[in-house]
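Architecture at a glance
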Amino acid sequence: QVQLVESGGGLVQPGGSLTLSCAASGTIFSINTMGWYRQAPGKQRELVASIISGGSTNYADSVKGRFTISRDNAKNMVYLQMNSLKPEDAAVYYCNADLVLRSYGPTFRYWGQGTQVTVSS
């Protein structure tokens, strides 16, 4: 069974740092784009950052210069290093990944269950 599992959320003070991790497990042939989204109460889910298999990255303007996305292709993991956190960064953070489960197979987008990030003093 293929799944994505996030970890690393929690409570942090404004200006603090937090690192989120997401592990893809199961029978996976390859992983294309991996990314992090977030959803705050009453708001739509939004893209935070994404990274393709070759390493190129994309960030939301609101997190540029503060957040860093990275991946470990050997471990099927993606990370989000979050620095200088602000109260408006508080949300449930979801990882996703575009997975190919077999050679020449289609790509499926999988989502993790989400991890809560709270930024408060």
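Residues numbered from 1 in each chain as written. Predicted model: local features only at pLDDT ≥ 70, side-chain atom pairs only at ≥ 80, totals over all residues. Heavy atoms only, no water.

As for the pairing of strand 7 (residues 67-72)
Where we set the bar: The buried label applies to any residue whose accessible area, calculated with a 1.4 Å probe on protein chains only, is under 20% of its type's maximum; exposed applies above 50%, and partly exposed to all values in between. Secondary structure elements follow DSSP: runs of H or I of four or more residues count as helices, runs of E of two or more count as strands, with numbering from the N terminus. Strands are labelled as partners when DSSP assigns at least two bridges between them.
Burial along strand 7 is one-sided: the face carrying F67, I69 and R71 is buried and the face carrying T68, S70 and D72 is not. Direction of pairing for strand 7 relative to strand 8 (residues 77-82): antiparallel, over a ladder of six bridges. When the sheet's bridge partners are listed, T68 is paired in strand 8 with Q81. Taking the residues between adjacent antiparallel strands as the criterion, strand 7 and strand 8 are bridged by four residues, where N76 takes a positive phi near 55°.

With respect to the side chain of S21
The following threshold applies: The contact criterion used throughout is that any non-hydrogen atoms of two residues lie within 4.5 Å.
Note on placement: S21 falls in strand 3 (residues 18-25). Look at S21 and you get buried, because its relative accessible area is 16%. Leaving out residues up to four positions away in the same chain, S21 has contacts with V5, E6, S7, W36, M77, V78 and Y79.

Remarks on the sheet that holds strand 1 (residues 3-7)
The condition that has to hold: Here an axis means a line fitted to C-alpha atoms, over the contact stretch when the element is a helix, while the angle between two N-to-C directions is reported on a 0 to 180 degree scale.
The strand order across the open sheet built from four strands is 1-3-8-7, with neighbouring strands paired in antiparallel fashion. Edge strands, defined here as strands with exactly one partner in the open sheet, are strand 1 and strand 7. Recorded for the sheet is a direction-independent mean angle of 15° between the axes of neighbouring strands. Here six bridges tie strand 3 to strand 8, and the two strands are oriented antiparallel to one another. Along strand 8, the bridge assignment pairs T19 with Q81.

On their own, these measurements won't tell you what the molecule is for.
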